[in-house]
There are 2 protein chains.
Amino acid sequence: MAWIGGEISASGLALWLLDGANTVLDRRTLRLDALSLTDEGLAALLADLPGVADEGLPTVICGAGRDLAPTRAVPCAPLGPPQVRGHLHLLPGLHQASPADLMRGAETAIAGLIAAQPQFDGVVCLPGPATVWAQVSAEEVVSFRSFLTGDLFALLAGSNALQFHVAPDGWDDPAFDTALDETLSRPASLSAALAGLPAEAEITGLSKTEARARLAGLLIGAELAGAKPWWLGQNVAVLGDDALIRPYLRALHAQGVPAHGGDRGAATLAGLCAAKARLTGQTQ
Amino acid sequence: MAWIGGEISASGLALWLLDGANTVLDRRTLRLDALSLTDEGLAALLADLPGVADEGLPTVICGAGRDLAPTRAVPCAPLGPPQVRGHLHLLPGLHQASPADLMRGAETAIAGLIAAQPQFDGVVCLPGPATVWAQVSAEEVVSFRSFLTGDLFALLAGSNALQFHVAPDGWDDPAFDTALDETLSRPASLSAALAGLPAEAEITGLSKTEARARLAGLLIGAELAGAKPWWLGQNVAVLGDDALIRPYLRALHAQGVPAHGGDRGAATLAGLCAAKARLTGQTQ
């Protein structure tokens, strides 16, 4: 029997239409305001999908906000019992009391990684608007910590102060490496280094492409300085799109960490399949 | 003879209309796009001021961008020869080769402080979109460093991630103090502490007012960690609006630094008067 898997994130609602053997038949991405999404809004959104919703297909969705699905306290397995609303199954996120932190969606990618590698013991790093670092052992998320790196990059790259100095795309490895070393060794230098970017463009001829890589390097270096317990001497898997994980892998490899990368979408889908298998187990 | 003083900043063009004895007759603030302002645009703007421009009053303006006025290399006196365009006198900013940095407008406030206290020997801290720390000795700016604190606060407070968790105004001293200590002692914790704000709101009940003060404390703590050579054991003057300088003074006093505050607008005006006196000296 066909079913739908989905993930709500800041960039919208990603949907997979799958058959009973979990083969992907179709993919869709819907824009939505994740912050103000209600039960009814989500149901209506899904009901509007042509050729899909009439049939009331079982639908498993992760990443829903606090108004739609509760969170579970770590340490715990990444997948928990969903909130059930008719054919709609909303997977709970995770929370941590101290330091206070929340994870909504990343737990399903972690579940997918565990489904593929049940013996995985180490740290999963998931870059995004916030980058999540999660300690995984014995098929459980032991603890985790989020860093605002992706959001800071987007905010700064589009800011009045920097928008004319930072290219919208492109990359420069040496500029990234230099910046990474600066804030990884001296995280207190971040704020001054950010303020100095326009001056470097004007005085030392820093190009917009170099500035873009430098901005990423400064932010990821500061993150790695704060996240050191999460990667130093650890077995690290970095999950994300290629463009997102490449700078993290480069930075970790430069520190001598043999981190390996993986596709986050594939991991999330695998996690959704694992969640769907449990539903089937419960209801059949 | 009457004249006009002004400062261009990210928030617009602040203008003072003064008589020959430097008594302020009127104040205006004009919105403008500081980043794309040209000579002609500025002249047209001033020509449109009713009851002022017809007379071609001498006009002294600081804070102009790279296309309007050059910058001078520190160490040097804060005031230098203006770019003259008819009755319009544009004061040059300052630059520093290494670490690369720029100052446009703050040098005039520093000149005003020196005009009032020629013996001042210490550090001037000027909070704004970027906070400038300048070492001043023997009536010269010896060196300076900018930190992106104000811009980061505004960007984060208005961001998707934090806007529903941070109050638009209000304050909470304990929340500020705790956050300040966190990042001043461990600047690497900034990015995770920022990402954790929504979780603290949801899990530990952090109020929006507390979150606002906490955000300011985290950013100023990280700045003070990076700016330590600028305040530790230094004679520090903090110039700005009351709301801007109060958290800096509180933070510095908590570190045992006997910093004192001053009004930046008054200092800038005093600096413009000093610059005007030189013009008069030159042209009469």
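Predicted model only: the values in this text are computed from it and were never measured. (Residues numbered from 1 in each chain as written. Chains lettered and ligands numbered in written order. Predicted model: local features only at pLDDT ≥ 70, side-chain atom pairs only at ≥ 80, totals over all residues. Heavy atoms only, no water.)

1. Here's the deal with the interface of chain A and chain B
How we decide: Contact definition: two residues touch when any of their heavy atoms are within 4.5 Å. Computed with a 1.4 Å rolling probe, the buried area is the accessible surface lost when two parts are put together, summed over both parts. Salt-bridge detection follows one rule: a side-chain nitrogen of Lys or Arg within 4 Å of a carboxyl oxygen of Asp or Glu. Each helix corresponds to a stretch of at least 4 residues labelled H or I by DSSP, and each strand to a stretch of at least 2 residues labelled E; elements are numbered beginning at the N terminus. Basically, the charged four are Asp, Glu, Lys and Arg, the nonpolar ten are Ala, Val, Leu, Ile, Met, Phe, Trp, Tyr, Cys and Pro, and anything else, Gly included, counts as polar.
Contacts between the two partners involve 40 residues from chain A and, on the opposite side, 40 residues from chain B. Taken together, the two surfaces of chain A and chain B that pack against each other cover about 3100 Å², and 73% of this comes from carbon and sulfur. There are four salt bridges connecting chain A and chain B. Put simply, Glu202(A) and Arg66(B) hold a salt bridge, and the shortest N to O gap is 3.9 Å. Elements that contribute at least two residues to the side of chain A that touches chain B include exactly strand 8 (93-96), strand 9 (101-103), strand 12 (140-147), helix 3 (149-157), helix 5 (190-195), helix 6 (197-204) and helix 7 (208-226) of chain A. Its residues placed into classes, the side of chain A that touches chain B shows 23 nonpolar, 10 polar and seven charged.

2. Section: the relation of the copies chain A and chain B
Note the following rule: Superposition of the copies was done by least squares, using only C-alpha atoms of residues whose pLDDT is at least 70 in both.
Between chain A and chain B, the superposition needs a rotation of 180° and an axial shift of 0.0 Å, giving an RMSD of 0.0 Å. Considering both components of the superposition, the chain copies are consistent with a two-fold axis. When the interface residues of chain A are mapped onto chain B, 100% of them are again interface residues, pointing to one common binding face.

3. So, the packing of helix 3 of chain A against helix 3 (residues 149-157) of chain B
Just so we agree on the cut-off: Comment: axis = line fitted to C-alpha atoms, over the contacting stretch for helices; angle = value between 0 and 180 degrees taken between N-to-C directions. Orientation categories follow fixed angle ranges, with anything under 35 degrees roughly parallel, anything over 145 roughly antiparallel, 65 to 115 roughly perpendicular, and all other angles oblique. Left-handed describes a crossing whose near helix is turned anticlockwise from the far helix through less than a right angle; right-handed describes the clockwise counterpart.
Look at helix 3 of chain A against helix 3 of chain B: their axes get within 10 Å of each other, and the N-to-C directions meet at 110°. Considering the angle they form, helix 3 of chain A stands roughly perpendicular to helix 3 of chain B. In this structure, helix 3 of chain A crosses over helix 3 of chain B, and the sense of that crossing is right-handed. Across the interface between the two elements, Leu152(A), Leu155(A) and Leu156(A) from helix 3 of chain A touch Leu152(B), Leu155(B) and Leu156(B) from helix 3 of chain B. A breakdown of the residues in the contact of helix 3 of chain A with helix 3 of chain B according to their chemical character gives six nonpolar, no polar and no charged.

4. Side note on the side chain of Gln96(A)
Our working definition: Any residue under 20% of the maximum accessible area for its type is buried, any over 50% is exposed, and the rest in between are partly exposed; the area is computed with a 1.4 Å probe on protein chains only. Throughout this description, a polar contact denotes any pair of N or O atoms lying within 3.5 Å of each other; where both atoms belong to protein, one of them has to be capable of donating a hydrogen while the other can accept it, and for residues adjacent in sequence the pair is counted only when both atoms sit in side chains.
Residue placement: Gln96(A) occurs in strand 8. Gln96(A) sits in the buried class, given a relative accessible area of 7%. Side-chain polar atoms of Gln96(A) contact the backbone oxygen of Pro99(A), separated by 3.0 Å. The residues touching Gln96(A), leaving out its near neighbours within four places in the chain, are Val74(A), Asp101(A), Ser143(A), Phe144(A) and Ile203(B).

5. Concerning the domain arrangement of chain A
Residue and element names in this part refer to chain A. Cut-off, in case you're wondering: As used throughout, domain bounds are those supplied by an automatic or database domain assignment.
Domain boundaries in chain A define domain 1 (3-120 + 264-283) and domain 2 (147-262). Just the C-alpha atoms count here: the centres of domain 1 and domain 2 sit 30 Å apart. Both faces considered, domain 1 and domain 2 share a buried interface measuring about 440 Å² in area, 69% of it formed by carbon and sulfur atoms. In terms of surface lost to domain 2, no three residues of domain 1 exceed Leu113, Phe120 and Arg264, which account for 78% of the buried area on that side. Along the contact surface separating domain 1 from domain 2 lie zero salt bridges. Linking domain 1 with domain 2 are one residue pair in polar contact (both at pLDDT 80 or more). Listing elements by their share of the side of domain 1 that touches domain 2, those giving two or more residues are helix 2 (106-116) and helix 10 (264-283). Taken together, the residues of the side of domain 1 that touches domain 2 sort by class into four nonpolar, no polar and one charged.

6. As for the packing of aromatic side chains
Residues and elements named next belong to chain B. Where we set the bar: Two rings belonging to Phe, Tyr or Trp (six-membered ring only in the last case) form a pair when the distance between their centres is within 6.5 Å. Interplanar angles under 30 degrees mark stacking, angles over 60 mark edge-to-face geometry, and anything in between is tilted.
By the definition in use, this model includes two aromatic pairs over all chains. Plain terms: the ring middles of tryptophan 171 and phenylalanine 176 are 5.1 Å apart, the flat faces sit at 45° to each other, and that makes the pair tilted. For phenylalanine 176, a relative accessible area of 0% corresponds to the buried category.

7. Here's the deal with the sheet that holds strand 14 (residues 260-262) of chain A
Residues and elements named next belong to chain A. Under the convention used in this document: Pairing between strands is defined by DSSP: at least two bridges between them are needed.
The strand order across the open sheet formed by five strands is 12-11-10-13-14, and the pairing between neighbours is mixed. Looking along the sheet, the strands with just one partner apiece sit at the ends: strand 12 and strand 14. Here the average twist between neighbouring strands, direction ignored, is 25°. When strand 13 (residues 236-239) meets strand 14, the two strands line up parallel, connected through three bridges. Residue pairing across strands places valine 238 opposite glycine 261, the latter belonging to strand 14. Across the sheet, helix 2 is in contact with strand 10 (122-126), strand 11 (131-137), strand 12 and strand 13; its angle to strand 10 comes to roughly 135°.

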